[in-house]
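Report on the structure
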Amino acid sequence: MTGLSVHALTLSHFRSHKVSRLELSGKPVAIFGPNGAGKTNVLEAISLLSPGRGLRRASAADMTRKAGVDGWKISAVLNSQSHLYEIETWSEGGAARQVKIDGKSAPQNALGEIARVLWLIPSMDRLWIEGAEGRRRFLDRMVLSFLPEHADAVLTYEKCMRERNRLLKDQVRDPSWYLALEKQMADVGAQIWANRHHTVNKLTDAQEAAETSFPKADLALFHIDDSAPKPEQAQDLAAAFADNRALDIRAGRTLIGPHRADLGAVYAEKDVPAKDCSTGEQKALLISLILANGRALANEIGAPPILLLDEVAAHLDSSRRAALYDELCALNAQAFMTGTGAELFVELGARADHLEVTDNDGTSEIRVAK
């Protein structure tokens, strides 16, 4: 039994699943079936056992099965550090999702204290060549695995920044309207920078200490605009927000701060920036960081995160695929992996639970594979 794992999962009117129930051993889980059968929907449901909008970042209304119902529900039994938690999350009528832990209402962020969940999905294969926003989200999800309180800091910062941006768009120039907002932004902004640096250091150390078949990534956290101020301490951030107001008013938005951060990576052995690597190398670098996160978290809290790896074998040859499975098992991580065919998971054998997902006239059905 792993230190962090889903032992039971029920989906009710969630996406293509009318009612699907899973009983799991805590081992890795191989999920196979044709495209469109509903495999990724299972992973999305598990991603909602952690704070946020899940791996698709979809609205609650979009997750409802389109069959005359007005809501969905996910129930799970989660083993976390030898304690079993009963988790329920649901939405009715497209409203924001609700959470209960052991029968008691709880804020979403409370999930971060007990469920550490990371994911890789096919759209992230372009992470290194697209915009910085996706890389920030990727990094912040890893930060959350170490520091669940990071979610509150990010939410507070974004709320304050929205209020400040409204003032900027309205051309408000009276400093008194900004001071309290900017102080709060500076305080939590400094915490966000510190949390991100802490996580990058953890990932770097975990990569250095491991022998792995996946390439090491040299990581760097930097500011998008080289010409802008680069404050990261609270006092410096507050001063920079004040000094930059005139420019921000002209732009109608806040131009400096942790929301302008980016994560850079270099394929260390080849000294090639990730954005210039092949598709397969970029995928391997992402997997390397996920594995490093798992190792670092296992060392820190005694358990790796739950991993959601959608179509993970898409750009891996058979030898690297086998190496990935070996590393996941050695890590003792419950990794949920999807693929179109059972042959993609042969190397896992009895080390994993194997599930087949099929489509029955628009409704997903799951059975244990022989």
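Residues numbered from 1 in each chain as written. Predicted model: local features only at pLDDT ≥ 70, side-chain atom pairs only at ≥ 80, totals over all residues. Heavy atoms only, no water.

Regarding the packing of helix α8 (residues 279-301) against helix α9 (residues 318-331)
Between α8 and α9, whose axes approach to 11 Å, the crossing angle comes to 15°. In terms of axis orientation, α8 runs roughly parallel to α9. As for how α8 packs across α9, the hand of that crossing is left-handed. The residues of α9 that touch α8, namely those facing Ala284, Ile287, Leu291, Gly294, Arg295 and Ala298, are Arg320, Leu324, Glu327, Leu328 and Leu331. Here the contact of α8 with α9 is composed, by residue class, of 7 nonpolar, 1 polar and 3 charged. (Axes fitted to C-alpha atoms, helices over the stretch in contact; angles between N-to-C directions. Helix = DSSP H or I, 4+ residues; strand = E, 2+ residues; numbered from the N terminus. Parallel < 35°, antiparallel > 145°, perpendicular 65-115°, else oblique. Left-handed = near helix turned anticlockwise from the far one by under 90°. Contact = heavy atoms within 4.5 Å. Nonpolar A, V, L, I, M, F, W, Y, C, P; charged D, E, K, R; others polar.)

Some details on the UniProt feature "binding site: ATP" (unreviewed entry) in the protein chain
When the UniProt feature table is mapped onto this chain, "binding site: ATP" (unreviewed entry) is found at Gly33, Pro34, Asn35, Gly36, Ala37, Gly38, Lys39 and Thr40. Examined against the element boundaries, Gly36 turns out to sit in the loop between β3 (29-32) and α1 (39-47). Relative accessible area serves as the criterion here: at 70%, Gly36 is assigned to the exposed category. With respect to the helices and strands, Ala37 occurs in the loop between β3 and α1. Contacts of Ala37, omitting those with residues within four sequence positions, involve Ser16, Val357, Thr358, Asp359 and Ser364. (UniProt positions renumbered as here; feature names shortened; annotations may be inferred. Buried < 20%, exposed > 50% of the residue type's maximum accessible area, 1.4 Å probe, protein only.)

Concerning the sheet that holds strand β8 (residues 117-120)
One open sheet holds the 6 strands; their spatial order is β8-β12-β13-β3-β14-β15, and the pairing between them is mixed. Looking at strand neighbours, the two that pair on one side only are β8 and β15 (363-368), the edges of this open sheet. Adjacent strand axes in the sheet meet at a mean angle of 20°, parallel and antiparallel pairs treated alike. (Pairing = 2+ DSSP bridges.)

Quick word on unusual backbone geometry
For Arg57, which is not glycine, the phi torsion reads 55° and is therefore positive. Residue placement: Arg57 occurs in the loop between α1 and β4 (71-80). On the basis of relative accessibility, which here comes to 38%, the residue Arg57 falls in the partly exposed class. Although it is not a glycine, Asp102 sits at a positive phi angle of roughly 50°. With respect to the helices and strands, Asp102 occurs in the loop between β6 (98-101) and β7 (104-105).

Some thoughts on the side chain of Glu281
Secondary-structure assignment places Glu281 in helix α8. Its relative accessible area of 17% is what places Glu281 among the buried residues. With sequence-adjacent residues up to four places away left out, Glu281 is seen in contact with Tyr267 and Lys270.

A short note on the packing of aromatic side chains
This model, assessed by the stated rule, comprises 2 aromatic pairs. With a centroid separation of 5.4 Å and 75° between ring planes, the pair formed by Phe14 and Trp72 is classed as edge-to-face. Of the two residues, Phe14 sits in strand β1 (residues 4-14) while Trp72 sits in strand β4, which places them 58 residues apart along the sequence. Each member of the pair, Phe14 together with Trp72, is buried. (Phe/Tyr/Trp six-rings, centres within 6.5 Å; stacked < 30°, edge-to-face > 60°.)

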